[in-house]
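If you want the building blocks of each chain, they are given just below.
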Amino acid sequence: MLHYYELNKERDLAFISLILGSGLRVNEAVSLDLNDIDRVERAVRVERKGKEGKTAVHISKRAMDDLERYLKIRDDRYPTDSKEKALFLSLPIGPNRKVERLTKRAAQEMVLKYTKWYGKPMSVHNLRHSFATVHWRMNKDVFALQSQLGHTDPKTTQVYSLIFDDTLREEIDKMEDIDWDEL
């Protein structure tokens, strides 16, 4: 595990940080190209499920910092021809030592490997849920979260507000104390 970590630590940290700092889907993250990074807006442009064209998705400062650290070593660690524009790359494999875009499956296995190593096996989708949970708890804005996650239907996003909104539960409990005759 240590050797694997040392070879890919910047890439892996950038990938995991990006998911935790943006809520991207695994497909969206592995499909990113180098020119999809917008450093000025601190965002990435992604193809969203059910939408045409690319959408800017804001990312956390930490995710951007981790991406920058990865980009500094990317070309040396993952040598490829100039045609390869993928942001996240695999180590050279096969007899031709070919470097290719990180696959969805490889990204999923990488996240599972690290999270198992830390004693809490999680999928990339679990990391997306973690982002959504934190975002909801801090902002309580379903529409902002819906936009960030790329949900087309607000009902999909409302799951977070219904599951994690202790405030709502407390407000309903307070209603029991209301003297309805005084209203």
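Residues numbered from 1 in each chain as written. Predicted model: local features only at pLDDT ≥ 70, side-chain atom pairs only at ≥ 80, totals over all residues. Heavy atoms only, no water.

S.K.: Describe the overall build of the protein chain, naming the residues involved and giving the relevant values.
M.R.: Scanning the protein chain from terminus to terminus reveals eight helices and three strands. Shown N-terminal to C-terminal, the secondary structure of the protein chain runs as helices and strands in the order α-α-β-β-β-α-α-α-α-α-α. Sorting the 183 residues of the protein chain into buried and exposed places 39% on the buried side. Put simply, 48% of the contacts in the protein chain that link residues at least 6 apart link residues at least 24 apart. Carbon together with sulfur atoms contributes 53% to the accessible area of the protein chain, which is approximately 11400 Å² in total. (Helix = DSSP H or I, 4+ residues; strand = E, 2+ residues; numbered from the N terminus. Buried < 20%, exposed > 50% of the residue type's maximum accessible area, 1.4 Å probe, protein only. Contact = heavy atoms within 4.5 Å. Areas by Shrake-Rupley, 256 points an atom, 1.4 Å probe, with all protein chains shown as cover.)

S.K.: Provide a residue-level description of the environment of Thr103, including the pertinent values.
M.R.: Here Thr103 shows up in the loop between helix H3 (61-77) and helix H4 (104-117). Judged by relative accessible area, which is 45%, Thr103 ranks as partly exposed. Only 3.0 Å separates the side chain of Thr103 from the backbone nitrogen of Ala106, close enough to count as a polar contact. (Polar contact = N/O pair within 3.5 Å; in protein donor to acceptor, adjacent residues only side chain to side chain.)

S.K.: I'd like a rundown of the pairing of strand S2 (residues 43-47), residues and numbers included.
M.R.: Side-chain direction in a regular strand flips from residue to residue, so the side chains alternate between the two faces of the sheet. Relative to S2, strand S1 (residues 37-38) runs antiparallel, the two being bridged by two bridges. Opposite Ile37, over in S2, you have Val44 as the bridge partner. In textbook terms, the turn of a hairpin is the stretch between consecutive antiparallel strands, and for S1 and S2 this stretch comprises four residues, one of which, Arg42, has a positive phi near 50°. In terms of strand pairing, S2 meets strand S3 (residues 54-58) through five bridges, oriented antiparallel. The residue of S3 that forms the bridge with Val46 is Thr55. (Pairing = 2+ DSSP bridges.)

S.K.: I'd like a rundown of the nonpolar core, residues and numbers included.
M.R.: Core analysis: the biggest nonpolar cluster contains 35 residues, and Phe15, Leu18, Leu24, Val44, Tyr70, Leu87 and Phe88 have the highest contact counts within it. Secondary structure elements with two or more residues in this core: helix H1 (2-20), helix H2 (26-30), S2, H3, H4 and helix H5 (124-139). Here this core gets six residues from one element, more than from any other, and that element is H3. Apart from residues no more than four positions distant in its own chain, Val44 is found in contact with Leu24, Leu32, Asp36, Ile37, Thr55, Ala56, Val57 and Ile59. Phe131, Ala132, Trp136 and Leu149 belong to the second largest nonpolar core, which has six residues in total. (Core = buried A, V, L, I, M, F, W, Y, C linked by side-chain atoms within 4.5 Å.)

S.K.: Which residues make up the sheet that holds S2, and what values go with them?
M.R.: The three strands are arranged S1-S2-S3 in an open sheet whose pairing can be described as antiparallel. Bordering the open sheet on either side are S1 and S3, each of which pairs with just one other strand.

S.K.: Break down the confidence of the model for the protein chain for me, with residues and values.
M.R.: For any part of a model where pLDDT is low, the fine detail of the predicted coordinates should not be relied upon. Averaged over all residues, the pLDDT of the protein chain equals 83, while 84% of them reach at least 70. By mean pLDDT, helix H8 (residues 166-175) is the weakest element of the protein chain at 59, and S1 is the strongest at 96. (pLDDT = per-residue confidence, 0-100.)

S.K.: Can you break down the side chain of Thr115 residue by residue, with the values?
M.R.: Tracing the chain through its elements places Thr115 in helix H4. Setting aside chain neighbours within four positions, we find Thr115 in contact with Lys120, Pro121 and Met122.

S.K.: Summarise unusual backbone geometry; cite the residues concerned and give the values.
M.R.: The backbone of Arg42 sits at a positive phi, close to 50°, despite the residue not being glycine. Relative to the assigned elements, Arg42 resides in the loop between S1 and S2. Accessibility expressed as a relative area gives 36% for Arg42, which makes it partly exposed.

S.K.: So what about H3? Which residues, and what values?
M.R.: Helix length check: H3 (17 residues) gives 24 Å between terminal C-alpha atoms against 24 Å at 1.5 Å per residue, within 8%. For H3, the complete set of buried residues consists of Ala63, Met64, Asp66, Leu67, Tyr70, Leu71, Ile73 and Arg74. (Expected span 1.5 Å × (residues − 1).)

S.K.: Tell me about the pattern of salt bridges, and name the residues and values.
M.R.: One pass over the full model with this rule turns up twelve salt bridges. For the salt bridge of Arg11 with Asp12, the shortest nitrogen-to-oxygen distance reads 2.8 Å. Looking at Arg11, the relative accessible area reads 4%, which means it is buried. In this structure Asp12 comes out as buried when scored by relative accessible area, which is 1%. In this structure, the salt-bridge partner of Asp65 is Lys61, at a minimum N-O distance of 3.2 Å. Separated by four residues within a single helix, Asp65 and Lys61 lie in helix H3, roughly one turn from each other. Look at Asp65 and you get partly exposed, because its relative accessible area is 31%. (Salt bridge = Lys/Arg side-chain N within 4 Å of Asp/Glu carboxyl O.)

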